[in-house]
Amino acid sequence: MNRGSTLSIYSVPIYVTLSYPIDMIKVNLQNRMYQTTTHCIKDIVNKNQYTKLYNGFRYGIINQFTKKAIQYNMYTKLMPNHNPIMVGLMSGPIISIIYTPLSVIKMKLQSVNMIKLNNFHNKDIKWFYKGFIINTMKESLFGSAFILSYLHTQKYSSGSYLSIFMYGSISYALIWSFLIPIDTIRTRVYKKRKNTIRG
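Residues numbered from 1 in each chain as written. Predicted model: local features only at pLDDT ≥ 70, side-chain atom pairs only at ≥ 80, totals over all residues. Heavy atoms only, no water.

Novice: Please clarify how unusual backbone geometry should be interpreted in this entry.
Specialist: Apart from glycine, the bulk of residues carry a negative phi angle, and the bulk of peptide bonds sit in the trans form. Non-glycine residue Arg32 carries a positive phi angle of around 60 degrees. Taking the relative accessible area as the measure of exposure, Arg32 reaches 41% and is therefore partly exposed. (Buried < 20%, exposed > 50% of the residue type's maximum accessible area, 1.4 Å probe, protein only.)

Novice: Help me out: how do you make sense of the nonpolar core in this one?
Specialist: Here is a general trend for soluble globular proteins: nonpolar side chains tend to be buried in one another's company. Counting 14 residues, the largest nonpolar core has Tyr75, Val87, Phe142, Phe146, Ile175 and Leu179 as its most contacted members. Elements that contribute at least two residues to this core include exactly helix 4 (57–78), helix 5 (84–110), helix 7 (132–153) and helix 8 (161–190). Among residues more than four places away in sequence, those in contact with Ile175 are Phe142, Ala145, Phe146 and Ser149. (Core = buried A, V, L, I, M, F, W, Y, C linked by side-chain atoms within 4.5 Å. Helix = DSSP H or I, 4+ residues; strand = E, 2+ residues; numbered from the N terminus. Contact = heavy atoms within 4.5 Å.)

Novice: So what exactly am I meant to see when it comes to the packing of helix 4 against helix 5 here?
Specialist: For any two helices packed against each other, the geometry is given by the interaxial angle and the distance between the axes. At their nearest, the axes of helix 4 and helix 5 sit 9 Å apart, and the two run at 175 degrees to each other. Viewed along their axes, helix 4 and helix 5 adopt a mutual orientation that is roughly antiparallel. Where helix 4 approaches helix 5, its residues Tyr59, Gly60, Ile62, Asn63, Gln64, Thr66, Lys67, Ile70, Gln71, Met74, Tyr75 and Leu78 are matched on the opposing element by Val87, Met90, Ser91, Ile94, Ile95, Ile98, Tyr99, Leu102, Ser103, Ile105, Lys106 and Leu109. Its residues assigned to classes, the contact of helix 4 with helix 5 shows 15 nonpolar, 7 polar and 2 charged. (Axes fitted to C-alpha atoms, helices over the stretch in contact; angles between N-to-C directions. Parallel < 35°, antiparallel > 145°, perpendicular 65-115°, else oblique. Nonpolar A, V, L, I, M, F, W, Y, C, P; charged D, E, K, R; others polar.)

Novice: Can you walk me through the packing of helix 2 (residues 12–30) against helix 5 in this structure?
Specialist: Taken N-terminus to C-terminus, the directions of helix 2 and helix 5 make an angle of 85 degrees; their axes are 9 Å apart at the nearest point. Compared by their axis directions, helix 2 and helix 5 come out roughly perpendicular. Here helix 2 contributes Tyr20, Asp23, Met24, Val27 and Asn28 to the contact with helix 5, which in turn contributes Lys106, Met107 and Gln110. Of the residues assigned to the contact of helix 2 with helix 5, the class counts are 4 nonpolar, 2 polar and 2 charged.

Here's what the structure looks like:
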């Protein structure tokens, strides 16, 4: 395993811990539960519900470890015979098989109208795989674009962990900016509610 793979996998706990509150706010904005980011933060502060920022955290950790493990295993095994775009496209459906049900649970728990975990027991398999197609599209496009851009930016890297981290972060941020509309559609599919909390 090269330095990039090692850094990516071992940085998952740090990444999820720091970004999870932002992800929670994003999910609720995408679901139109709040009008603005400020309204969301004010509501949490006023209700003294800071722990809500980490609802479903363990599912976020599992999701990210799963994604990284599959992507980098496929990358190292398939890259000698396939280009980065094909590797990303092939990893999307495999990731989504595990990623989709965990994402459905995570986003339900992140909602301000939180559903308790034991309420999931009476759901059928279709409920857990709601949004599978759009999720597969997102993961396939993201995987392809990220691997391609990451390989390109590595040409300018010094090989140090800091340099790898910096170029990986730039690749991630640029690609995510283009894919946010697909992520919004996916979130809306997971939770079809239009309740809005006005600030």
